[in-house]
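Listed below are the residues making up each chain.
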2 protein chains.
Amino acid sequence: MSPRRRTTLRDIATALDLSVNTVSRALADKDAVSVETRRRVKAEAERLGYVPNTMARSLVLQNAMTLGLVITNPSNPFYARLISAIEERGRTRGYSLMLMVTEDSIDNERRAAEELMRWGVDGVLAIPVQHGTEHWEGLRKSGIPLVLLNRHLPGLDVDLVGVDYYAGARAATEHVLSTGATELYLAEENLDISPVSERIRGFHDTLAAHGLSAPDDAVVRVDSPGGGGVSVPFDPGPAYEIGAALARRAGPGAVVLAGNDYHALGLYRAFTEHGLRVGVDVGVVGHGDHPFSAYLDPPLTSVRLPAAEVGQAGVDRLLERVETAGQAEGGEAAPAHTLLPPELVVRASVPRPDGGEH
Amino acid sequence: MSPRRRTTLRDIATALDLSVNTVSRALADKDAVSVETRRRVKAEAERLGYVPNTMARSLVLQNAMTLGLVITNPSNPFYARLISAIEERGRTRGYSLMLMVTEDSIDNERRAAEELMRWGVDGVLAIPVQHGTEHWEGLRKSGIPLVLLNRHLPGLDVDLVGVDYYAGARAATEHVLSTGATELYLAEENLDISPVSERIRGFHDTLAAHGLSAPDDAVVRVDSPGGGGVSVPFDPGPAYEIGAALARRAGPGAVVLAGNDYHALGLYRAFTEHGLRVGVDVGVVGHGDHPFSAYLDPPLTSVRLPAAEVGQAGVDRLLERVETAGQAEGGEAAPAHTLLPPELVVRASVPRPDGGEH
DNA sequence: TTGAAAGCGCTAACAT
DNA sequence: ATGTTAGCGCTTTCAA
């Protein structure tokens, strides 16, 4: 019952009257061990319930076989899928995952980076909070490869794997324009991060490409439900508030492009309460294609994000860096940005002037 | 540019012509170091960018300052919130988090337990896959405390912190009955786990308490969107399929209690397509109170789950065990189950016979 | 084929 | 107040 001490190589060695060394090599299936000895060692290890001590191993091998993941909020469904994909890919490649949640706090992020350095993880994937890059510089300087996920960080020249939000916004805006709508709004998260600015840029560029331009107040900002303490899940509330004002402003046939599907849902409710039928009198487009979106009434047109692909590509890129890290000088490839394409899923939340089928 | 070797205590020691030991004690703020020496050591550590090596420290101290979390699927919004809460609580108490995702595969779970033993984590929190307890026994036997989260595992007598699903189901069923409904259905996840069986039990018991009883086919099973590979998020699809059949069977005023809010949403759609108005002709109750639920049309009555509380209580319980683990024999308290109360949030998805306000 | 010795980076017990 | 020694559990020379 007493939590007895873990079995070590030494225990096996003394039990068999061998040296620790021989036991180590026998278990590692190296040569220079007689078949018989190997058999006895493995049997004894089994009998004693031997479990190798990863820390000790890592200490001498100078590799942790661990990746760090620094993420802002697992309740963001896109990030949740990212976590799964990353853990899975890392695991199949032999790496464990240390998870750090920042809740978009730069202090938490700094602590996370520091902690990861202390552990000496082999590499770090991060969805960074905006502003503040010194701690990431510190990581890099200590020789730990870093790959940014999904958010670009100005002033930090490292690898990035993410979503091509600009393309997503262009596709969404293009689609809306194709239905003949002329009054467009963009309801974006009130966060100073690259996905948001990219979407805004895509929105404006697409309009411009059609010889149109949006008034300054066509882009409205929706506060995040954030706050201190335990992470708050996404919430349609703030967009609902905004939606009331929008409902008053919007003429018939107006369409709002939302920064995420929760915002879209808040808009649905606001419009409905103002007697506006989404998909008929007014349009809404989501972003993220959350599983609930296809089942809303009307089904939401949204931009699907390649979460699993981003996670996998992120791990792959990171491990490339990890594996070439011990190389001779100059062997390092320059940092690159990989942007994976999202996909517009057209459903029924944008009115068709011809009343045609969706 | 070359990822130069990490600074160690030795580097500081030689630079200052001190012993490693003195440097160690100076940085740890122990006594028996002159004020002046301490100052010099800290300055030099700073200058050299010294970062303590946690692994080396853990190896000698025989504690990892790490907790393991074994979870089935981060895309389950309840679990996502659990992850945040656990990471946060662990962090404030000085522990890092190693995350293992099982995707409800017993093989993955076994591997996770093994990996955590190799790391020698101080304790493990797990949302277990059903069936198969040997790997958890193994963990326990090696002296690593284990706390189960949310799912009871028959045949394994360990601490559990979770939600009182039985109470939640009773409250929901009671509420439905109080509106005068007499035709009730339960649409449950097709998973052999304790939350599901507890909800079914609560459903039947409440009916019985009112002198009623449900026909055998009142409980219908909804398949999970599961599958191999990267975790699939919850999805209203399967419940939508079931809902079509239910819509045909259900008489006016029938109410379906869903196992989660995604199922409820699938039901909404199925009913609507059959010309049934949810909240008027027919009722739906959700479970989990997902953030989207309050914004559905009609707003979904659902059972709110205390995610953050479960996570915190789980960590607290685990750390109690961790801290008393080194104790003398017999000091261990018996394993206990802590079930936190959910809360029924009444909105407008169940018809009121009097047509009264909600 | 096996063993002895050294060392990864750190802390603790025991000198001095 | 500081240094020396030993050791956490493992792997890697290098000898035998």
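Residues numbered from 1 in each chain as written. Chains lettered and ligands numbered in written order. Predicted model: local features only at pLDDT ≥ 70, side-chain atom pairs only at ≥ 80, totals over all residues. Heavy atoms only, no water.

Undergrad: I'd love a proper account of the overall build of chain A, names of residues and values included.
TA: A count of helical and extended segments in chain A gives twelve helices and twelve strands. Whereas a compact globule of 358 residues would reach a radius of gyration of roughly 21 Å, chain A reaches 26 Å, over 25% beyond that. Across its three principal directions, the C-alpha atoms of chain A cover 90 × 50 × 35 Å. Within chain A, buried positions represent 53% of all 358 residues. Within chain A, contacts between residues separated by at least 24 positions form 67% of all contacts whose residues are at least 6 apart in sequence. About 15000 Å² of surface is accessible on chain A, with carbon and sulfur atoms providing 50% of the total. Averaged over its 35 positive side-chain charges, chain A has a centre that lies 9 Å from the centre of its 47 negative ones. (Helix = DSSP H or I, 4+ residues; strand = E, 2+ residues; numbered from the N terminus. Rg over C-alpha atoms; globule rule 2.2 N^0.38 Å. Buried < 20%, exposed > 50% of the residue type's maximum accessible area, 1.4 Å probe, protein only. Contact = heavy atoms within 4.5 Å. Areas by Shrake-Rupley, 256 points an atom, 1.4 Å probe, with all protein chains shown as cover. Lys, Arg positive; Asp, Glu negative; His and termini not counted. Charge placed at Lys NZ, Arg CZ, Asp CG, Glu CD.)

Undergrad: Tell me what's going on with the sheet that holds strand β8 (residues 255-258) of chain A, and back it up with residues and numbers.
TA: Residues and elements named next belong to chain A. Spatial strand order, β7-β6-β8-β9: four strands in an open sheet with parallel pairing. Only two strands of the sheet have a single neighbouring strand rather than two, namely β7 (219-222) and β9 (283-285). Between one strand axis and the next, the sheet turns by 20° as a mean value, whatever way the strands run. By the bridge criterion, four bridges tie strand β6 (residues 184-189) to β7 in an arrangement that is parallel. Counted as the bridge partner of L186 is V219 from β7. Against the sheet, helix α9 (residues 194-209) touches β6, β7 and β8, its axis set at about 170° to β6. Along the sheet, helix α10 (residues 237-249) makes contact with β6, β7 and β8, crossing β7 at roughly 155°. (Pairing = 2+ DSSP bridges. Axes fitted to C-alpha atoms, helices over the stretch in contact; angles between N-to-C directions.)

Undergrad: So what's going on with the protein's contact with DNA strand C? Which residues, and what values?
TA: Around DNA strand C, a shell composed of 26 residues is seen, among which N21(A), R25(A), L9(B), N21(B) and Y50(B) lie nearest. Restricting the count to atoms of DNA strand C within 4 Å of the protein gives a sugar and phosphate share of 67%. Here a phosphate oxygen of DNA strand C sits 2.8 Å away from a polar atom, N or O, in the side chain of S24(B). Between N53(B) and DNA strand C, the recorded distance is 3.3 Å, taken from a backbone N or O atom to a phosphate oxygen. Within the residue set of the surface near DNA strand C, elements represented by two or more residues are α2 (20-27) and α4 (54-61) of chain A together with α2 (20-27) and α4 (54-61) of chain B. (Near = heavy atom within 4 Å. Polar contact = N/O pair within 3.5 Å; in protein donor to acceptor, adjacent residues only side chain to side chain.)

Undergrad: Can you explain the packing of helix α5 (residues 77-92) of chain B against helix α12 (residues 307-324) of chain B? Please cite residues and give values.
TA: Residue and element names in this part refer to chain B. The interhelical angle for the contact between α5 and α12, taken along N-to-C directions, is 40°, at an axis separation of 8 Å. Accordingly, the angle class assigned to the pair α5 and α12 is oblique. The way α5 lies across α12 gives a crossing that is right-handed. Judged by residue contacts, F78, R81, L82, A85, I86, R89 and G90 of α5 engage A307, A308, V310, G311, Q312, V315 and D316 from α12. Considered class by class, the residues forming the contact of α5 with α12 number eight nonpolar, three polar and three charged. (Parallel < 35°, antiparallel > 145°, perpendicular 65-115°, else oblique. Left-handed = near helix turned anticlockwise from the far one by under 90°. Nonpolar A, V, L, I, M, F, W, Y, C, P; charged D, E, K, R; others polar.)

Undergrad: Which residues make up the UniProt feature "domain: HTH lacI-type" (unreviewed entry) in chain A, and what values go with them?
TA: In the UniProt entry, the feature "domain: HTH lacI-type" (unreviewed entry) is given for residues 7-61 of chain A. Its end C-alpha atoms 21 Å apart, residues 7-61 of chain A is made of 69% helix and 0% strand. (UniProt positions renumbered as here; feature names shortened; annotations may be inferred.)

Undergrad: Can you explain the sheet that holds strand β6 (residues 184-189) of chain B? Please cite residues and give values.
TA: All names here are of chain B. Reading across from one edge, β7-β6-β8-β9 is the order of the four strands in this open sheet, with parallel pairing throughout. Only two strands of the sheet have a single neighbouring strand rather than two, namely β7 (219-222) and β9 (283-285). The mean angle between the axes of side-by-side strands here comes to 20°, regardless of whether they run parallel or antiparallel. Here strand β8 (residues 255-258) runs beside β9; their pairing, made up of three bridges, is parallel. Bridge pairing links V255 to G283 in β9.

Undergrad: Let's hear about the protein's contact with DNA strand D: which residues, and what values?
TA: Within the structure, DNA strand D sits among 26 residues, and L9(A), Y50(A), N21(B), R25(B) and A32(B) are positioned closest to it. Taking the atoms of DNA strand D that fall within 4 Å of the protein, sugar and phosphate contribute 67% of them. In the environment of DNA strand D, a phosphate oxygen lies 2.8 Å from a nitrogen or oxygen atom belonging to the side chain of S24(A). Residue assignment for the surface near DNA strand D shows that the elements contributing at least two residues are α2 and α4 of chain A together with α2 and α4 of chain B. For the surface near DNA strand D, the element with the most residues is α4(A), which contributes four residues. Per-class residue counts for the surface near DNA strand D are twelve nonpolar, ten polar and four charged.

Undergrad: Outline the relation of the copies chain B and chain A, listing residues and values.
TA: One copy of the chain maps onto the second through a rotation around an axis plus a translation along that axis. Rotating chain B by 180° and translating it 0.0 Å along the rotation axis places it on chain A, where the RMSD comes to 0.1 Å. When the rotation and shift are considered jointly, the pair of chain copies conforms to a two-fold rotation axis. Scanning chain B for the C-alpha nearest the rotation axis identifies M98(B), at a separation of 2.3 Å. Of the interface residues in chain B, 99% have counterparts in chain A that sit at the interface too, so the contact is made through matching surfaces. (Least-squares fit on C-alpha atoms with pLDDT ≥ 70 in both.)

Undergrad: Account for the pattern of salt bridges, with residues named and values stated.
TA: Residue and element names in this part refer to chain B. Inspection of every chain in the model, using the stated rule, returns 50 salt bridges over all chains. For R201, the salt bridge goes to E198, with nearest N and O atoms at 3.0 Å. Here R201 pairs with E198, and both are found in helix α9 (residues 194-209), just three residues apart, close to one helical turn. A relative accessible area of 39% means that R201 is categorised as partly exposed. The partly exposed category is assigned to E198, whose relative accessible area is 25%. Between E343 and R304 there is a salt bridge, and its shortest N-O distance comes to 3.8 Å. Within this pair, whereas E343 is found in strand β12 (residues 343-345), its partner R304 is found in strand β10 (residues 302-304), the two being separated by 39 residues in sequence. (Salt bridge = Lys/Arg side-chain N within 4 Å of Asp/Glu carboxyl O.)

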